[in-house]
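# Chains, contacts and geometry: an overview
This is what each chain is made of:
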Protein chains: 2
Amino acid sequence: MKFSTQLVPSKVHTSETLQNERKKANFNLSEMDLFINGKEKIEGREKALKIIRAEPEIFEQSDTYYMSRTEKLEKGYKQEKRLIELLSLSNILVNPLEKFDLTRGMFIPTLEQQCNDEQKEAFLKPALDYRIIGCYAQTELGHGSNIRGLETTATFIEETDEFEVDSPTLTSTKWWIGSLGISATHALVMAQLYVKGKHIGLYPIIVQVRSMKDHKPLPGVNVGDIGPKMGYNSIDNGFLNFNKVRVPRFNLLQKYMHVSRTGEVTHMKNVDPRVTYGTMVLIRANIAKNMGYQLAKGVTIAVRYTSVRRQFGEPNQPETPVLDYPIVQYRVIPLLAKTYAMLGMAHEFMGQYELTRDLIAKGDFSKLKEMHAVSCGLKRWTSTTGVYGVDTCRHVCGGHGFSLFSGLNDFFATIYPNIIYEGDNFVLAKQTVSYLVKSARALVTGSSVELNDTTSTIKKYINKPAVLTEAELFSWGGKSASQIASSDKLLLDLLGFKFVAMNHNLGVKIARKGQSWDDSSIECQGIATAHSEYIVCLYFSRHINKLPQSSSLRPILNNLFTVTALSFLTSNSAELYSFNKAASMTRDQIIGLETELVKYIKLVRDQAVPLVDALNVPDEKLNSSLGRYDGNVYEDYVKRALQEPVNRDGSGDVIRARFYDKYIGPVLHGPNGTSAKL
Amino acid sequence: MKFSTQLVPSKVHTSETLQNERKKANFNLSEMDLFINGKEKIEGREKALKIIRAEPEIFEQSDTYYMSRTEKLEKGYKQEKRLIELLSLSNILVNPLEKFDLTRGMFIPTLEQQCNDEQKEAFLKPALDYRIIGCYAQTELGHGSNIRGLETTATFIEETDEFEVDSPTLTSTKWWIGSLGISATHALVMAQLYVKGKHIGLYPIIVQVRSMKDHKPLPGVNVGDIGPKMGYNSIDNGFLNFNKVRVPRFNLLQKYMHVSRTGEVTHMKNVDPRVTYGTMVLIRANIAKNMGYQLAKGVTIAVRYTSVRRQFGEPNQPETPVLDYPIVQYRVIPLLAKTYAMLGMAHEFMGQYELTRDLIAKGDFSKLKEMHAVSCGLKRWTSTTGVYGVDTCRHVCGGHGFSLFSGLNDFFATIYPNIIYEGDNFVLAKQTVSYLVKSARALVTGSSVELNDTTSTIKKYINKPAVLTEAELFSWGGKSASQIASSDKLLLDLLGFKFVAMNHNLGVKIARKGQSWDDSSIECQGIATAHSEYIVCLYFSRHINKLPQSSSLRPILNNLFTVTALSFLTSNSAELYSFNKAASMTRDQIIGLETELVKYIKLVRDQAVPLVDALNVPDEKLNSSLGRYDGNVYEDYVKRALQEPVNRDGSGDVIRARFYDKYIGPVLHGPNGTSAKL
């Protein structure tokens, strides 16, 4: 099928509009790319692009929009196989496509951490060579958050020197296990260990699930794919149910604990359980950073498309780009600012993580608690902001946002579970707030507290003994909204005090009124958010302050900082109204901050296209008609529609002919031809 | 593939838990069904179920989760064809499956409205008999909201007595047109009409697009499917591009205007353009009602699943149902309450619509403006609440919410565009608020204003001449939060004053400071929401008050009302903090309302399962493992997973063998067999 060649473009071409936006750039885009993405990310991007562009028939993703799940799975395998070949050829980045892969992401790291040397030889080495494909089998049909409730058992059988792995109930079936549905040969199974009738605890044990000869499930193993999902449909998440399967005792990972031939259980000495917390901090920090990249993708599409989409306007003028309407700016621009804040913050947070890791290696755990609390908060805040930010990006694209070709639908569906896994966001809030409440309590009662960004801010407002005057503490007193908005310090002071005040209110209820943590769970949400917002702004401002004062990047980055901070302060201003006594804000100040936000949004809107260009998300990754770098939105959209299977010449003709012969024709003409209905 | 028969259910079976919840019911479920759904809905449901259950192989939807788009299209056609056969057999409800169908929903109603008698014979009659299949072609690639900007032209050619229909630009291509992609033979095209070089305006004209003989596109017509979408993938939304296609002059719909043989244009006299507003009010009212049914589906799944899903708890006890956790209740129960409020409100609103329609038939347009404003507001509020409510339902289901078998994903995707079509929600706010601001202005200046629920409330607080004391106006003064929460009147007073106060603030900016409507668009959002929340509560309370005082339904309905109202008041309490002077609320009152909300939530939680049972959404419609009436959640989930195409015996074996031979095997063993990698 072809479109009429009579078509001429409309008055101002979308690509021209985008070029005009680019001319307004008042900063250097490569410098910004380096500042906000960092060298490592840029190198990774270039390597990935080289692979994709060298073999687009394998790695290009635009055809996935037309695929059934089976076809998506097959495409995923094709890419995986080719990547593994390329890996052994050139030792490129392990994860150039950021493809979800639990063999590399969970199975291998756990083996590295928990195998003894003999086990490394037996399991880790072949896994690294892809002679076995492993998966990490933890979640069960009945248990996700509460891993202590997992029901799969591994029972020591002394007679044969084996463990018997069993799924005693329907709900004990392992579920959601990545790479297990079709691919895996081996599973690292988290099981309740029983030795001589005694429950030892939850431990990882290796179970081979499919034959190395013909890949068929081994006896007693029920394994398969859990079926279609909202997203990730090229991945074979699987289920696994054991009917008393025996494995050698050797298969229990034994670096930290050991079961002897006679069933003696020994735990390795000098292992601080807090070490594993370090891994969790890293996983959450990586999610936080990744959500910045994901939101970058969403805002790139939304900003480019709303810049070129025109609707309404003055008579005899080209219609107005929708990004010029305040209601569109108000939704998109704060997300652009938060993308920068998230990515900027991540550099600082990763620096702190590395410091913590190095200290831990020296046996110093002093920074770990704060890192844990902050990483839970940031995982929670970035994933909520990222996922619902992408949803807002879709909504501002209007009707065309609903087409898969917008690039925002499969994408939204795939990032969605970030709000659930590695700690559901509503559950995680407590992890953060429990640290805040305990720290505040300790500071009030004079117990020793490790000082850091969080505890120093709490301590400042406890102010006992008094070291600061009220004017120093509540620096916003008597200042106009515009003075507040133009001062990073005042904005940070307000954000800091906000979380401290909210946390104080909860602390009182818990300490004095005995309110339970379950009953505190609703208040925990707001406090965790306020704390994360403070940390995000604090870390983002630190990252900005690494730049020389003369940097051309500073003015626009400061505006991005201000939009982010004001957006946090105004999003639920009830908190500002309820500040007590000396800290209180006036109605004029609070409402004034909203006016300031709109003002700063307009400043960022002017640079919006260059700002998303500097994020440098390649078209291959956007996979979007609406967000294309060249702005040829409608041409690309039509081109993709013509590739819809039912439209295609040949194969599409066959499908349409079938629909007509079997359904449409009989309706139009009656079952026996034209005469029947007339 | 089969599951091990060794499986035994876990300690408290999910179905048993659900039965125990049902025993707690303190009201009559059938009475509630009748009260909240109404007789017509119940009859429609029963008829639809009869059809589905008689021919499940055609109408049952559970297999759609495994389907490619082409397969979904084919299933849709099969259902459509069978439905049309059944329609002619038994005169059942036209739309028993609530299937989206623009032939019946838009093409035929427009013909009914705008054809003259001759045209009805030529177009409407064959359309009603399915001898032609029509579509309503309005939206273009470049224009959705701004229909005046549509670019398709229809030019009168006097020589041949024809119109030439043309798509002059790429962006003028019709896009998103339902039933056009594959099915339609005719299109009702909205085009810019030109007669003798003069632009007449936007008018509907019938163009045949496909041959009646072989269904091929006619010359000059480019038509096809626009490709895959986030949802609605069984529907063939299409594109349409004309290369100077000629149609007879007769094809211009001529009831309200006429182009003569010589190109004289005449408009019918005595046609009030406001009549068409009535149709828009009905469409929006129907969306508002439908969103209640959709949210009913979401909360049914969420309430049943969170009642039986257990996680954590006391030692040696069955784990705690997650709905017993405050943070889960806080997210689900207000949605359950809002479902009831939405459905209850819709009965009252439909009554008002019918009254308005009858008045219009008598030439009385006095109620139309308010109906328009309220219907825009309710379409906006119900669709935002419904769509994001369903998203919350998905999130509370945790990881399993991400499986298609939760029933919440295809479903969410399909209801999503309700926030965009028939007026984007962010654009619609202005329609409502413009009425509010103008009414307030008229009331202040003493112009004549039609009094109704909205304007009476505004007038009350203008209170000039003073008829009410401050104590009467600001009835919440001096009342405790618990007194407020237990009084429907006080809650309605607060909700009413909230929208009036917010509207007043904007009115001042517009009237005194000359703020433009574009710059008011952000404030319009909150005001439109506050107004709709007031109307929803007002109408819901009226529907409740139709019940006899002695009705067993009243106590729980009152609690649902209170949860709804408190949830509105506390969701952005900044508005309460900023009430001025005599109206002001204390911090204790405001924070107290949050405590009250949690208290009332617990009362509703107790009846949550009976309440969703009374909504009576059949399992066939839920299409969900998690939300099944019988509570056999995990059994059904596993059963569905085993039906995943790659798991199936035979066909699945073939797929897995191909994946293994082509991709997995070569990775494991190297391209030349086992030896290569060892």
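Okay, so let's go over this structure. If you're wondering where the values come from, they're calculated on a predicted model, not measured in any experiment. (Residues numbered from 1 in each chain as written. Chains lettered and ligands numbered in written order. Predicted model: local features only at pLDDT ≥ 70, side-chain atom pairs only at ≥ 80, totals over all residues. Heavy atoms only, no water.)

### Re the pattern of salt bridges
- Enumeration over the complete set of coordinates arrives at 80 salt bridges over all chains.
- With its nearest N and O atoms 3.2 Å apart, the salt bridge here joins Arg605 of chain A to Glu21 of chain A. Taken together, the residues Arg605 of chain A in helix α20 (residues 587-606) and Glu21 of chain A in helix α1 (residues 14-23) connect sequence positions 584 residues apart. Each of the two residues, Arg605 of chain A as well as Glu21 of chain A, counts as buried.
- Close ionic contact of Asp391 of chain B with Arg394 of chain B constitutes a salt bridge, the shortest N to O distance being 2.9 Å. Residue Asp391 of chain B and its partner Arg394 of chain B are located together in helix α10 (residues 368-396), separated by 3 residues, close to a single helical turn.
- You can call Arg394 of chain B buried: its relative accessible area is 1%. (Salt bridge = Lys/Arg side-chain N within 4 Å of Asp/Glu carboxyl O. Helix = DSSP H or I, 4+ residues; strand = E, 2+ residues; numbered from the N terminus. Buried < 20%, exposed > 50% of the residue type's maximum accessible area, 1.4 Å probe, protein only.)

### So, the environment of Ile510 of chain A
- With respect to the element layout, Ile510 of chain A can be found in helix α16 (residues 488-513).
- On the basis of relative accessible area, Ile510 of chain A is assigned to the buried category, the value being 18%.

### What about the sheet that holds strand β8 (residues 238-242) of chain B?
- Here we have 3 strands laid out as an open sheet, ordered β4-β8-β7 (chain B), and antiparallel in their pairing. Lying at the two open borders of the sheet, with one neighbouring strand each, are β4 (174-177) and β7 (221-225) of chain B. Sheet twist, expressed as the average angle between the axes of neighbouring strands with direction ignored, equals 15°.
- Along the sheet, helix α23 (residues 633-642) of chain A contacts β4, β7 and β8 of chain B; its crossing angle with β4 of chain B, the most-contacted strand, is approximately 55°. (Pairing = 2+ DSSP bridges. Axes fitted to C-alpha atoms, helices over the stretch in contact; angles between N-to-C directions. Contact = heavy atoms within 4.5 Å.)

### A closer look at the packing of α1 of chain A against helix α21 (residues 608-615) of chain A
All names here are of chain A.
- For the pair α1 and α21, interaxial distance at closest approach is 7 Å and the crossing angle is 90°. One finds that α1 runs roughly perpendicular with respect to α21. Of α21, the residues touching α1 (which contributes Leu18, Glu21 and Arg22) are Val609, Pro610 and Asp613.
- Partitioning the contact of α1 with α21 into residue classes produces 3 nonpolar, no polar and 3 charged. (Parallel < 35°, antiparallel > 145°, perpendicular 65-115°, else oblique. Nonpolar A, V, L, I, M, F, W, Y, C, P; charged D, E, K, R; others polar.)

### Comments concerning the relation of the copies chain B and chain A
- Least-squares fitting of chain B to chain A yields an RMSD of 0.1 Å, with the transformation described by 0.0 Å of translation along the axis and a rotation of 180°. Both chain copies can therefore be described as sitting about a two-fold axis.
- A share of 100% of the interface residues of chain B reappears at the interface of chain A, consistent with the copies meeting face to face through the same patch. (Least-squares fit on C-alpha atoms with pLDDT ≥ 70 in both.)

### Focus: the interface of chain B and chain A
- Taken residue by residue, the interface counts 131 residues in chain B and 131 residues in chain A.
- For the chain B and chain A pair, buried surface summed over both sides reaches about 11200 Å², with 66% attributable to carbon and sulfur atoms.
- Its salt-bridge partner being Lys662 of chain B, residue Glu74 of chain A comes within 3.9 Å of it at the nearest N-O pair.
- At the surface where chain B touches chain A, the tally comes to 48 residue pairs in polar contact (both at pLDDT 80 or more). (Buried area = accessible area lost by both parts, 1.4 Å probe. Polar contact = N/O pair within 3.5 Å; in protein donor to acceptor, adjacent residues only side chain to side chain.)

### Section: the sheet that holds strand β7 (residues 221-225) of chain A
- Pairing in this open sheet of 3 strands is antiparallel, and the strands run β4-β8-β7 (chain A) from one edge to the other. Unpaired on one side and paired on the other, β4 (174-177) and β7 of chain A mark the two borders of the sheet. Each strand of the sheet is rotated relative to its neighbour by a mean of 15°, with strand direction disregarded.
- Its contacts with the sheet place helix α23 (residues 633-642) of chain B against β4, β7 and β8 (238-242) of chain A, and it is angled at close to 55° to β4 of chain A.

### Points about unusual backbone geometry
Residues and elements named next belong to chain A.
- Of note, the amide linkage connecting Lys464 to Pro465 takes the cis form, showing an omega dihedral of -5°.
- Here Pro465 lies in the loop between α13 (453-462) and α14 (470-473).
- Positive phi, normally seen in glycine, also occurs at Asn463, with a value near 50°.
- Exposure remark for Asn463: the relative accessible area of 10% places this residue in the buried category.

These figures come from the coordinates and say nothing about function on their own.
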